[in-house]
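# Reading the structure
One letter stands for each residue in the lines below.
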Amino acid sequence: MEANEVFVRLPAAVADGLEAAGYRFYRWEGDLLRLVTAFDTPQAVVNSFLKIAKDLSEKA
């Protein structure tokens, strides 16, 4: 199954760091984020987002 919209819970420090890195997303209640991509988003962009999120979460 493929989807271009995901809801995740991330610590504020991770969300703030992702925004500082240039990523944009909608913040729902508290730590709930709505992430949306285009269906033609390059895999490299997704991988970069995930790497930054992982690095930030290891520091949080």
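It should be noted that the structure appears before, not after, this text.
Criteria and cut-off values
- Residues numbered from 1 in each chain as written.
- Predicted model: local features only at pLDDT ≥ 70, side-chain atom pairs only at ≥ 80, totals over all residues.
- Heavy atoms only, no water.
- Helix = DSSP H or I, 4+ residues; strand = E, 2+ residues; numbered from the N terminus.
- Expected span 1.5 Å × (residues − 1).
- Buried < 20%, exposed > 50% of the residue type's maximum accessible area, 1.4 Å probe, protein only.
- Arc of directions from axis to C-beta.
- Contact = heavy atoms within 4.5 Å.
- Pairing = 2+ DSSP bridges.
- Patch = residues over 30% accessible without salt bridge, like charges linked within 9 Å, V, L, I, M, F, W, Y side chains within 5 Å.
- Areas by Shrake-Rupley, 256 points an atom, 1.4 Å probe, with all protein chains shown as cover.
- Salt bridge = Lys/Arg side-chain N within 4 Å of Asp/Glu carboxyl O.

### Side note on helix H2 (residues 43-59)
Over its 17 residues, H2 extends 25 Å from the first C-alpha to the last, a length consistent with the 24 Å expected when each residue adds 1.5 Å. Of the residues making up H2, those classed as buried are Phe49, Ala53 and Leu56. For H2, the angular spread of the buried residues around the axis is 65°, confining them to a single face. In this structure, H2 carries Gln43, Ala44, Lys51, Lys54, Glu58 and Lys59 as exposed residues pointing more than 90 degrees from its buried face. Considering only its buried residues, H2 is in contact with helix H1 (12-20) and strand E3 (32-36).

### Some points on the sheet that holds strand E2 (residues 26-27)
Ordered in space as E1-E3-E2, the three strands form an open sheet in which the pairing is antiparallel. Both edges of this open sheet fall to strand E1 (5-9) and E2, since each of them pairs with a single strand only. Relative to E3, E2 runs antiparallel, the two sharing two bridges. In the sheet register, tyrosine 26 faces E3, and the bridge partner there is arginine 34.

### Digging into the environment of glycine 30
Of note, glycine 30 is situated in the loop between E2 and E3. Glycine 30 sits 21 residues away from arginine 9 along the chain, and the two C-alpha atoms are 8.5 Å apart.

### Quick look at a nonpolar patch on the surface
A contiguous nonpolar patch, built from Phe7, Tyr26 and Trp28 and spanning about 340 Å² of accessible area, is present on the exposed surface. Summarising the element assignment, tryptophan 28 is placed in the loop between E2 and E3.

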